Amino acid sequence: MASGIRAEVKIDDPPDCVVAQASAETGGRVHSVSRSTNPDAPERVIEEFMLEAESYPDEFDVDADLSPIFSYGSSTVYRFERALGRGCPRECIERHDCPVVDIRTQGASLYLTFHAPDMHGLQAIIGELRERYATLDVQRLLQSQQDHDERNLVFVDRSTLTDRQTEVLETAHRMGYFEHPKRANAGEVAAELEITGTTFTEHLAAAQTKLLDAILDHE
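Keep in mind that this is a model prediction, so the values were computed, not measured. (Residues numbered from 1 in each chain as written. Predicted model: local features only at pLDDT ≥ 70, side-chain atom pairs only at ≥ 80, totals over all residues. Heavy atoms only, no water.)

J.: If you had to explain the overall build of the protein chain to someone new, which residues and values would you point to?
T.: Check the secondary structure of the protein chain and you find six helices and nine strands. Taken against the 2.2 N^0.38 rule, which gives 17 Å for 219 residues, the C-alpha radius of gyration of the protein chain at 23 Å runs more than 25% over that of a compact globule. The buried share of the protein chain, reckoned over its 219 residues, is 40%. Of the roughly 12600 Å² of accessible surface on the protein chain, a fraction of 47% belongs to carbon and sulfur atoms. Seen as two clouds, the 21 positive and the 40 negative side-chain charges of the protein chain have centres 3 Å apart. (Helix = DSSP H or I, 4+ residues; strand = E, 2+ residues; numbered from the N terminus. Rg over C-alpha atoms; globule rule 2.2 N^0.38 Å. Buried < 20%, exposed > 50% of the residue type's maximum accessible area, 1.4 Å probe, protein only. Areas by Shrake-Rupley, 256 points an atom, 1.4 Å probe, with all protein chains shown as cover. Lys, Arg positive; Asp, Glu negative; His and termini not counted. Charge placed at Lys NZ, Arg CZ, Asp CG, Glu CD.)

As structure tokens, this is what we get:
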């Protein structure tokens, strides 16, 4: 049974993505992104994308020469050439042997969809993207069908927790605070942490709120 994970991530205003730059400049949206390489010049990449916007500038202020090549009513297909290996978001993902299956934009926001082989592979990709882009947001995770039961996965970013909140959670879990019946009460966990019961409760509530926000508000 396949154990892959389909992931969609959003990156706001990536500085090294021409497609997102063009979309942001017009306030439009991009879809139908494709690319190709010439076997005689494999170090160069030709990219095309369809941009839908209310108006288009005569020249784009982006890191490439965009050429309009086709129009569909209010949409225009643009083509540009760039060097392979410039380290854009798409190439960060493909470096992990995961093709990007869908690229789209809404304004300055870039959305990328790909299939990771497993959770370990997903974490490696997300980790590299987070190192490069502070505005990364995991939009959706979907695991392969298991016994015909489709399950949504949620990626929880532990870096949103402070060191103290993480320590409180780990200590409470280790001491059995979350078990039923409890193996330790709030006072005992607070004593182990050498903090007051009120401080323990405040840290715990803040940490739980962050985790629940990630789990319940991921749509």
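Next comes the rest of the write-up.
J.: Describe in detail the side chain of T26, supporting the description with residues and values.
T.: If you trace the backbone, T26 turns up in helix α1 (residues 18–26). Look at T26 and you get buried, because its relative accessible area is 17%. Reaching out from T26, the side chain makes a polar contact with the backbone nitrogen of G28 at a distance of 3.3 Å. When sequence neighbours within four positions are dropped, the list of residues in contact with T26 reads L51, A53, S55, P57 and F60. (Polar contact = N/O pair within 3.5 Å; in protein donor to acceptor, adjacent residues only side chain to side chain. Contact = heavy atoms within 4.5 Å.)

J.: Account for α1, with residues named and values stated.
T.: Among the nine residues of α1, seven are classified as buried, and the element is accordingly described as predominantly covered. Elements that come into contact with the buried residues of α1 comprise β2 (29–38), β3 (41–52), β5 (75–83), β6 (100–106) and β7 (109–116). Within two residues after α1, G27 carries a phi angle of roughly 65°, on the positive side.

J.: Which residues make up the pattern of salt bridges, and what values go with them?
T.: Going through the model one piece at a time under the given rule, you end up with 14 salt bridges. As a salt-bridge pair, R104 and E8 come within 3.1 Å of each other at their nearest N and O atoms. Of this pair, R104 sits in strand β6 while E8 sits in strand β1 (residues 5–12); the two residues are 96 residues apart in sequence, bridging distant segments of the chain. R104 sits in the partly exposed class, given a relative accessible area of 30%. Note that R44 is salt-bridged to E81, the shortest N-O span being 3.0 Å. In this pair, R44 is assigned in strand β3 and E81 in strand β5, connecting sequence segments 37 residues apart. (Salt bridge = Lys/Arg side-chain N within 4 Å of Asp/Glu carboxyl O.)

J.: Can you explain a nonpolar patch on the surface? Please cite residues and give values.
T.: A surface patch of nonpolar side chains, amounting to about 310 Å² of accessible area, comprises I69, F70 and Y72. Tracing the backbone through its elements, the reader meets Y72 in strand β4 (residues 67–72). Exposure remark for Y72: the relative accessible area of 47% places this residue in the partly exposed category. (Patch = residues over 30% accessible without salt bridge, like charges linked within 9 Å, V, L, I, M, F, W, Y side chains within 5 Å.)

J.: Explain helix α5 (residues 186–193) to me, using residue names and the numbers behind them.
T.: Spacing of three or four residues puts side chains on the same side of an α-helix, whose turn is 3.6 residues. Burial in α5 covers these residues: V189, A190 and L193. Seen end-on, α5 carries its buried residues on one side only, within an arc spanning 100°. Backbone nitrogen of G187 and a side-chain oxygen of the N-cap are separated by 3.1 Å at the start of α5; the cap is N185. (Arc of directions from axis to C-beta.)

J.: Outline the state of the cysteines, listing residues and values.
T.: Per the stated rule, a full pass over the model turns up zero disulfides. Free of any disulfide, C92 has its nearest cysteine sulfur in C88, 7.1 Å distant. No disulfide involves C98; its nearest neighbouring cysteine sulfur is the one of C92, lying 13 Å away. (Disulfide = S-S within 2.5 Å.)

J.: Talk me through unusual backbone geometry; I want residue IDs and the actual numbers.
T.: The peptide bond linking H180 to P181 adopts the cis configuration, its omega dihedral lying at 5°. Here P181 lies in the loop between α4 (163–174) and α5. Here the phi dihedral of D13 falls at roughly 50°; this positive angle occurs in a residue that is not glycine. Structurally, the position occupied by D13 is in the loop between β1 and α1. Taking relative accessible area as the criterion, D13 reaches 52% and is therefore assigned exposed. At E194, a residue that is not glycine, the phi angle is positive and equals roughly 60°.

J.: Quick one: what's the story with the pairing of β4, residue by residue and with numbers?
T.: Across five bridges, the pairing between β4 and β5 is antiparallel. Looking at β5, one finds that S67 is bridged to R79. Joining the antiparallel neighbours β4 and β5 is a turn of two residues, in which G73 adopts a positive phi near 60°. (Pairing = 2+ DSSP bridges.)

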